[in-house]
Amino acid sequence: MKKRTRKIIGFSVVIIVLLSLVTLLFFVNPEELVRKIGVRNEYILAFVVSFFGGFSAGGSFSFIGLLITLVAGGLHPISLGVIAGISLAIGDTLMFYIGSQGRQLVEGDWDKKIAKIAKIFEKRAWLKKLTPLIAYLYMGFLPLPNDILILFLAAIKYPPRKMNCIIIAGDITF
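Read on for an overview of the structure. Since we're looking at a predicted model, the values are computed, not measured.

1. Digging into the overall build of the chain
Thought 1: Within the chain, the regular secondary structure consists of 9 helices and 0 strands.
Thought 2: Counting helices and strands in the order they occur from the N terminus, the chain gives α-α-α-α-α-α-α-α-α.
Thought 3: When each of the 174 residues of the chain is scored for burial, the buried share is 33%.
Thought 4: Within the chain, counting contacts between residues at least 6 apart in sequence, those at least 24 apart form 74% of the total.
Thought 5: Accessible surface, the chain as shown: approximately 11,000 Å² in total, 71% of it carbon and sulfur.

So, in structure tokens, the structure goes:
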């Protein structure tokens, strides 16, 4: 089997699993979910919602609203922040991996455009040095979706080890 075919199959499996989970959550209503999880298991709910909250721009706002509601309802803010941050970091790391694998499937004009942007980052040392700080500040302090930044850095082949540190620190800080 060709290397490209294996990558396409692996990428497709990850997408199918994610779509299955999103579909399941679409058909299970919130009352039923809370009844099954239990009112006292809010941390589990926060973990699950935070994991999926980073996958789309609309999901980010709903999970921020849930976190605010849970803190207002009496949950310990530090514990909730650490649990939600770890969960969000796992989701964002998965998003970075998907973006990295998806980048390898891009061909033609889009590949040339992305390579051109990546060269800009490589040529400008100051931009390359500031990228981790800018990414951390964006992820840690702005209530905006991380997926756009993560997919952009995955597309320009930003090093995964550095990105994982930024994702974990930024999401826990957030």
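Additional details are given in the paragraphs that follow.
2. Let's talk about the nonpolar core
Soluble globular proteins tend to bury their nonpolar side chains together.
Thought 1: Among the nonpolar cores identified, the biggest contains 17 residues, and Phe96, Met139, Ile150, Leu153, Met163 and Ile167 are the most heavily contacted of them.
Thought 2: Counting only elements with at least two residues in this core, the list comes to helix H5 (77-105), helix H6 (109-123), helix H7 (125-141), helix H8 (147-155) and helix H9 (160-173).
Thought 3: If you tally residues by element for this core, the top one is H8, at 4 residues.
Thought 4: Among the nonpolar cores identified, the runner-up in size contains 11 residues, and Leu45, Ala46, Phe63 and Leu75 belong to it.

3. Some details on the environment of Leu151
Thought 1: Relative to the elements of secondary structure, Leu151 occurs in helix H8.
Thought 2: As a C-alpha pair, Leu151 and Phe96 span 55 residues in sequence and 6.1 Å in three-dimensional space.
Thought 3: In contact with Leu151, other than residues within four places in its own chain, are Met95 and Gly99.

4. Focus: a nonpolar patch on the surface
Thought 1: A cluster of nonpolar side chains, namely Ile44, Phe47, Val48, Ile78, Val82, Ile86, Ile90, Ile168 and Ile172, defines an oily patch on the protein surface of about 720 Å² accessible area.
Thought 2: Mapped onto the nonpolar patch, the elements with two or more residues apiece are helix H3 (42-53), H5 and H9.
Thought 3: If you tally residues by element for the nonpolar patch, the top one is H5, at 4 residues.
Thought 4: With respect to the helices and strands, the residue Ile86 is situated in helix H5.

5. A closer look at the packing of H7 against H9
Thought 1: One can describe the packing of H7 onto H9 by two numbers: an axis separation of 7 Å at closest approach and a directional angle of 30 degrees. By the angle class used here, H7 and H9 are roughly parallel. When you trace H7 past H9, the crossing you get is right-handed. Listed contacts from H9 to Pro132, Ala135, Tyr136, Met139, Gly140 and Phe141 of H7 are Met163, Ile166, Ile167, Ala169, Gly170, Asp171 and Thr173.
Thought 2: Residue composition of the contact of H7 with H9, by class: 9 nonpolar, 3 polar and 1 charged.

About the criteria used
- Starting from 1, residues in each chain are numbered consecutively following that chain's sequence as written.
- The model is predicted, so local features are restricted to residues of pLDDT at least 70 and side-chain atom pairs to those at 80 or more, both for listing and for counting; the totals for chains, interfaces and linings are taken over all residues.
- Excluding hydrogens and water, the side-chain figures rest on all heavy atoms present in the structure.
- Every helix listed is a DSSP run of H or I at least four residues long, and every strand listed is a run of E at least two residues long, numbered separately from the N terminus.
- We call a residue buried when its accessible area falls under 20% of the maximum for its residue type, exposed when it is over 50%, and partly exposed in between, using a 1.4 Å probe and counting protein chains only.
- Here, residues are in contact when the closest pair of their heavy atoms is within 4.5 Å.
- Shrake-Rupley sampling with a 1.4 Å probe provides the accessible areas, and residues are treated as covered by the protein chains on show and by no other component.
- For this analysis, a nonpolar core means a set of buried residues of the types Ala, Val, Leu, Ile, Met, Phe, Trp, Tyr and Cys, connected via side-chain atoms within 4.5 Å.
- Think of a patch as exposed residues, more than 30% relative accessible area, with no salt bridge, where like charges cluster within 9 Å and nonpolar side chains (Val, Leu, Ile, Met, Phe, Trp, Tyr) cluster within 5 Å.
- Just to be clear on terms, a salt bridge is a Lys or Arg side-chain nitrogen sitting within 4 Å of an Asp or Glu carboxyl oxygen.
- Where helices are involved, their axes are fitted lines through C-alpha atoms of the stretch in contact, as for all axes, and angles between N-to-C directions lie from 0 to 180°.
- Angle categories: roughly parallel below 35 degrees, roughly antiparallel above 145, roughly perpendicular from 65 to 115, and oblique for all the rest.
- Each crossing gets its hand from how the near helix is turned against the far one by less than a right angle, where anticlockwise is left-handed and clockwise is right-handed.
- Residues are sorted three ways: Asp, Glu, Lys and Arg are charged, Ala, Val, Leu, Ile, Met, Phe, Trp, Tyr, Cys and Pro are nonpolar, and all the rest, Gly among them, are polar.

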